[in-house]
Structure formats: structure tokens, C-alpha cells
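Observations on the model geometry
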Amino acid sequence: MLFERFEKEFPIQMACLKNARKNGRLSHAYILHSDDPELRRDFPTVAAQIAICPFPTEDGSPCGECKGCRSLENGTYPEFFTLEPASKSRIIPVGETSNPEEDTLRWFEGLFYLTSATSEGKKVGVIYDADRMQPAAQNAFLKTLEEPPSSTFFILTTGHPSELLPTTLSRCQMISLISNRCSYSFPWSETLFKTLKALQFDSEESLAKGEDCALAIIEIFSALGDEASDAVAAKWEKRLEHAKDELEAAGRKRIEKRMDAEGGAEYLKRRTCFLSALHCWFSQIYQLSCGAAPEELSNPELFAGLELPQKIDEERALNDLAAAEKFLYDLNFYVDESLAVRSFCLNIVLGNQVTLPARI
Ligand SMILES: [Zn+2]
């Protein structure tokens, strides 16, 4: 049974859902965030079993035996409606209001307003890769998400929740099932997360504090650079030592040039990991602001030992995430690093108003 596999792999998330079922607190719409397409494919079945099974066990698990559970499992549940991106364009269009074409949002929505054909009378709606919904489609769906037809349960799946409109996110409860957890524990991670916390939550409109944070981040960049050159030097040290006597000046120069190039590549590798940790911070803060529980995050350890505010302003968190994304983008285009860091920190402090010249 699919449910057992999910329970084994993601006990915390499943416990949340079961508890919600047990206490009658299931949301009518969930967003599943997962990096694994197979999990995104299978989760809706499991979630629907939890929501629909009329004979749940004491802890809220679906029975696995009833007609509903079995037909969901083998894909024959009559009112399990799905919508996914068309194969060519990879988008989910909004569609016409009257007589909408199949595989459009309007068509999908219409299915839930028809009279139920089953005795259970419960409908399940799944939107796979919901981030591929055009903004118009997401906007059109908001009303249904807010006031769903009775006895319906929606599940939206995505690998990129930050590409969903905030209004969509805020009307659903998010569940994260991340299989390839990245570890963000590198020597400077503690400093980084402390700095980001100060930048995002303690530096309100204080340019001086923003500058302090910028300096701390620039210092990490420089430490990453030193680490990278040290690692490369250590690798070459022996070879250079061996060749000390027979190496003519030109040969030594060649090796030094190679070390330089390797050092640069090594630095970029470390910087990528650092930037990915930074992005993860802002995207998780945003998820928290939308009501995600810490245990639903893919990397809750980022916040270990840091006191985050009880209530995080959703719009602000989204702005900050946009500033972080702009920062990563700027760095990709070889903008001066220190300048990009300063502009990013100012953007967090001032609410995303600073734009760098396109290329420096
Ligand atoms: Zn059942």
C-alpha cells in the first residue's frame, strides 16, 4: 500500500495529516512541494485516502480495505480528477468560461460543480506541476480554492513553490517531502544564518546594520576564496616539491597558472553551495510566512538556535525572497561581488528598491 511507504519515508508529515484527519482539521487544499517527481505523482493518492476513507484507524490512518481506499489505490476512484500541463507547451491555460476545452483550468473547475455520481460523494482534484498554471489560471482558481464546492479535496503538486502566486500559496497548506536533502553545514554556515537573521529581522530601516551584514557576507566570500586556494595549493604542493630541482622557470609558471584556474573553479563550487544555502534560507522564511510548520521545511536545521519572530509578514518575506533571487542572478552575470552583496543587503533593509546597473 502506497500509504505505508509514505509513512515509512516521511513519518512526520504523515503524522501531521493523520492528526488533522483525526481532529477534523484537514485543510480542503494542500500544496505538495517535492523534488521527486514520483512522490509528486503518488502523494495525491495517499492524501486522498487519508481525507476520504470512512473507516480511519484510531490514529487517523486510512483503513486500506474499504472501497474508497482500494479504488484510490488502483486508480479507479470515479471522482479523482486531474489537471496537468499539456505535453507540448508545458503550461496549464485558463481556458474559456463557457464550453472550455479539456485540460484547461475552467474545464477542471467545472468538474466539481457537477452532481456527484458516487455514494461517497467526495471529489478529489489534483493539479500536477501547479507552478505551470498561467497566472490567469491561478487567479481564476482562487475563488474555488477559497470557497470550494462541498466535499471536495484539492491537492496541488509542485517542485517549485516559489513560482506559485502568493495568493495561491496562502489559500493552501504546504507539505514538503524532500528526498534529496542538501546539507548546508559548511564552516561558515553558522555565521551566514546568524547574519541573514539579523539582516531580515533586526535591521529594520537601519542602513548601518545593513552595511554590517554586507561586510559579514563579503568576509565569508573572501574566506571561501582563501579556503579554495588553500585546497588547491595543498593538492599541488607535493608535485611542486618533487619537481623543485628539475623544474625550469617556465614550467613553474605553467603550474602556477593551472593552480590559479583550479582555484577559481574550486571557489565557484564553494560559492554555489553558499548561495544555495542563502536562497534556501529566504525560501523557507517565505514558506513559514505562508503558514508552513517548521517540521514541514526541507532544511529546518538552518533555523536551529535562532529565534525567529512568531509572525512573519508574508509580503515582506516574498519581497526578500525576490531580492535574494535577484542577487543570485546578478552574481551569475559577473557583477562585482561586493557591490552585489551591498545592493542585496540594502534591498532587504529598504524593501527591494535598489537596482544594479545591468553589467559592470
Ligand atoms: Zn478506507
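The structure presented is a predicted model; accordingly, all values stated were derived computationally and were not measured. (Residues numbered from 1 in each chain as written. Predicted model: local features only at pLDDT ≥ 70, side-chain atom pairs only at ≥ 80, totals over all residues. Heavy atoms only, no water.)

Observations regarding the coordination of the zinc ion
Taken together, the protein donors to the zinc ion comprise Cys 53 (SG), Cys 63 (SG), Cys 66 (SG) and Cys 69 (SG), at separations of 2.2 to 2.4 Å. Mapping the donors of the zinc ion onto the primary sequence gives the spacing C-x9-C-x2-C-x2-C. Note on Cys 63: relative accessible area 22%, which makes it partly exposed. For Cys 66, a relative accessible area of 10% corresponds to the buried category. (Donors = N, O, S within 2.8 Å, 3.2 Å for Na, K, Ca; no water. Buried < 20%, exposed > 50% of the residue type's maximum accessible area, 1.4 Å probe, protein only.)

Describing helix H10 (residues 249-289)
The end-to-end C-alpha distance of H10 is 60 Å, a good match for the 60 Å that 41 residues give at a rise of 1.5 Å each. The positive-phi residue at the C-terminal boundary of H10 is Gly 291, with phi of around 100 degrees. (Helix = DSSP H or I, 4+ residues; strand = E, 2+ residues; numbered from the N terminus. Expected span 1.5 Å × (residues − 1).)

Focus: the pattern of salt bridges
If you walk through the whole model with that rule in mind, you get 18 salt bridges. In this structure, the salt-bridge partner of Asp 202 is Lys 197, at a minimum N-O distance of 3.7 Å. For Arg 270, the salt bridge goes to Glu 266, with nearest N and O atoms at 3.0 Å. Within this pair, Arg 270 and its partner Glu 266 are both found in helix H10, separated by four residues, close to a single helical turn. You can call Glu 266 buried: its relative accessible area is 19%. The network of salt bridges with common partners includes Arg 5, Glu 9 and Asp 42. (Salt bridge = Lys/Arg side-chain N within 4 Å of Asp/Glu carboxyl O.)

Considering the pairing of strand E4 (residues 152-158)
In terms of residue burial, E4 counts as a mostly covered element, since seven of its seven residues are buried. Because side chains alternate across E4, one face comprises the buried residues Thr 152, Phe 154, Leu 156 and Thr 158, and the other comprises Phe 153, Ile 155 and Thr 157, equally buried. Bridge count between strand E1 (residues 29-34) and E4: five bridges; the pairing is parallel. By the bridge assignment, Ile 31 is partnered in E4 with Leu 156. Relative to E4, strand E3 (residues 123-127) runs parallel, the two being bridged by five bridges. Counted as the bridge partner of Val 124 is Phe 153 from E4. (Pairing = 2+ DSSP bridges.)

Description of the nonpolar core
By size, the foremost hydrophobic cluster in this structure holds 69 residues, and its most contacted members are Ile 127, Phe 221, Trp 281 and Phe 344. In terms of residue count, H10 provides more of this core than any other element does, 11 residues in total. Formed jointly, this core draws a minimum of three residues from each of two domains, domain 1 (2-177) and domain 2 (189-350). Setting aside anything within four residues of it in sequence, one finds Trp 281 in contact with Phe 193, Leu 196, Lys 197, Gln 200, Leu 302, Phe 303, Leu 306 and Leu 308. Grouped together as the second largest cluster of nonpolar side chains are 26 residues, Phe 10, Met 14, Leu 72 and Ile 175 included. (Core = buried A, V, L, I, M, F, W, Y, C linked by side-chain atoms within 4.5 Å. Domains from an automatic or database assignment. Contact = heavy atoms within 4.5 Å.)

Regarding the pairing of E1
Successive residues of a regular strand alternate their side chains across the two faces of the sheet. Counting buried residues in E1 gives six out of six residues, a clear majority hidden from the surface. Burial along E1 is two-sided: the face carrying Ala 29, Ile 31 and His 33 and the face carrying Tyr 30, Leu 32 and Ser 34 are both buried.

A short note on unusual backbone geometry
In this structure, Asn 99 is a non-glycine residue whose phi angle is positive, near 55 degrees. Of note, Asn 99 is situated in the loop between strand E2 (80-83) and helix H5 (105-110). The exposure class assigned to Asn 99 is exposed, which follows from its relative accessible area of 76%. Positive phi, normally seen in glycine, also occurs at Asp 129, with a value near 50 degrees.

A short note on the environment of Leu 278
Mapped onto the elements, Leu 278 comes out in helix H10. Overall, Leu 278 belongs to the buried group, its relative accessible area being 0%. As for Leu 278 and Thr 195, which are separated by 83 residues in sequence, their C-alpha atoms are 10 Å apart.

Here we look at the sheet that holds E3
On the basis of which strands lie adjacent, the open sheet formed by five strands has the order E2-E3-E4-E1-E5 and parallel pairing. The strands lining the two open edges of the sheet, one partner per strand, are E2 and strand E5 (173-177). Pairwise comparison of adjacent strand axes, ignoring direction, gives a mean angle of 20 degrees for this sheet. With five bridges joining them, E1 and E5 adopt parallel strand pairing. Across the sheet, residue Leu 32 finds its bridge partner in E5, namely Ile 175. Strands in contact with helix H3 (residues 37-52) are E1, E2, E3, E4 and E5; relative to E4, the strand with the most contacts, it is inclined by about 160 degrees. (Axes fitted to C-alpha atoms, helices over the stretch in contact; angles between N-to-C directions.)

Topic: the domain arrangement of the protein
Here the protein is described as being made up of domain 1 (2-177) and domain 2 (189-350). Distance between the C-alpha centres of domain 1 and domain 2: 37 Å. When domain 1 packs against domain 2, close to 960 Å² is buried across both sides, 59% of that on carbon and sulfur atoms. Counting across the domain 1 and domain 2 interface gives zero salt bridges. Of all the secondary-structure elements, those providing two or more residues to the side of domain 1 that touches domain 2 are helix H2 (11-22), helix H7 (166-170) and E5. (Buried area = accessible area lost by both parts, 1.4 Å probe.)

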